[in-house]
Amino acid sequence: MRVRKISNYVSYVGVNDRSTEKFESLWPIPNGVSYNSYLVCGSEKTALIDTVELGHSRNFLQTLREEAGVEKIDYLVINHMEPDHSGGISAVIAAFPEIKIIGNRTTLQMIRGFYHIDDEDRFIVIKDGEEVSLGDRTLRFYLTPMVHWPETMMTYCQEERMVFSGDAFGTFGALNGGLVDDDMECGPYIEEMYRYYSNIVGKYGRSVENALKKLSGIEFDYICSTHGPVWHAMKEKVIDITSRLARYESEKGVTIIYGSMYGNTADMAEFIASELNRHGVKNIHVHNAANASMSQMISDAFRYEGLIVGSPTYSNDVFPPVAEFMRAMELREMKNKVVACFGNNAWAPAAAKKLEEAMNTMPVQDLGCVKMQYSLNSQNEDEAAELIKTFVSHLKQ
Ligand code: FEO
């Protein structure tokens, strides 16, 4: 992506990645991702905010040198040290040897650890709320730990009414020519924001809430995240989505996750889905955990109010892909859901028992478990129908 001006003082100098198949080697990105970097040019000094992933450093420097025509950069602000943003630090230092790095104490430990840069004169260590002047533009730094790593911070330019937010408000999807949301069709980026948040930042809801509280004290019109569009017209919408996800506050809908070796547990999943619909639930997302994307299952579980999980007994335990999903829920400290489960077995009822135990460890509204043996029959159908009737009565819709 060529240099794009967001204002007379701020330019976009990030890159698109359409080659990586899995972000963090885990999460599919069929539509790519952008690594956003911004150049702020004041009357006296110039600051670069974040870099890009290592493999894109050459293009990044070319953009800075040839397209932005930058001869000198005074400061490199590191909002976040994850290598998708810090991978270009060494290349930037090599290209602009006089550059000073602005970060907090934790940032600098990480720079030493990742990139073996330990030239003390290179660093400007800032504290929460401190400012650095660029002349007629000023950068103020807010520490926002654990959004998404301990060193994460945001940079605010009051004169431009812009927040450079790091991973917060980020989303998957390379930028398809546009940059600021006013000029783009943003539906796909908004959809992917749920998957991005739940997969990447989902564990850190309380930290995200703390960051949002800090932001509520400042006035801004633009959110310049490290991934995805610059938010302007949709600023309030993305703040609302992020705020609700951070509080695990869900939308109408139910996610069903199940595993099934020979189709019997799948029969129950289908029966439960049809019962939900019969009781008026319209937004139902059914995933066979053996085939479905873990990334999408986590996203739907975060997004929707109801969660129903089913598994056959396998080696006296939960079916492995379902167990992996439950582990993902536990890691992300899932809460505020209406949940139920169903377990199937031939001779050992371990899956139902272990799913119930796992649900009981979460701060959720657990409405119980249907236990079936071998296959669907009129008795377990009746039990499931009764459970779903109760389940639906506990949904807010
Ligand atoms: Fe986009 Fe946490 O890095």
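Scroll up a little and you will see the structure.
Residues numbered from 1 in each chain as written. Predicted model: local features only at pLDDT ≥ 70, side-chain atom pairs only at ≥ 80, totals over all residues. Heavy atoms only, no water.

Draft legend 1. Broad picture of the pattern of salt bridges. Taken as a whole, this structure holds 20 salt bridges when the rule is applied. The partner of glutamate 236 in a salt bridge is lysine 235, with the nearest N and O atoms 3.3 Å apart. On the basis of relative accessible area, glutamate 236 is assigned to the exposed category, the value being 52%. Classification of lysine 235 as buried rests on a relative accessible area of 14%. Among the salt bridges present, the one from arginine 244 reaches glutamate 251, with a minimum N-O distance of 3.7 Å. Considered together, arginine 244 and glutamate 251 belong to a single accessibility category, that of buried residues. Salt bridges linked by common partners bring Glu191, Asp240, Arg244, Glu251 and Arg303 together as one network. (Salt bridge = Lys/Arg side-chain N within 4 Å of Asp/Glu carboxyl O. Buried < 20%, exposed > 50% of the residue type's maximum accessible area, 1.4 Å probe, protein only.)

Draft legend 2. Expanded view of the pairing of strand β17 (residues 251-258). Across the 8 residues that make up β17, a large majority, 7, are buried. Examined bridge by bridge, β17 and strand β19 (residues 304-314) share 6 bridges and lie parallel to one another. Of the residues in β19, the one forming a bridge with tyrosine 258 is glycine 310. In the sheet, β17 pairs with strand β18 (residues 284-288) via 5 bridges, with the strands oriented parallel. Residue valine 254 lies in a different strand from β18, and its bridge partner there is isoleucine 284. (Helix = DSSP H or I, 4+ residues; strand = E, 2+ residues; numbered from the N terminus. Pairing = 2+ DSSP bridges.)

All quantities given are derived from atomic positions and should not be read as evidence of function.
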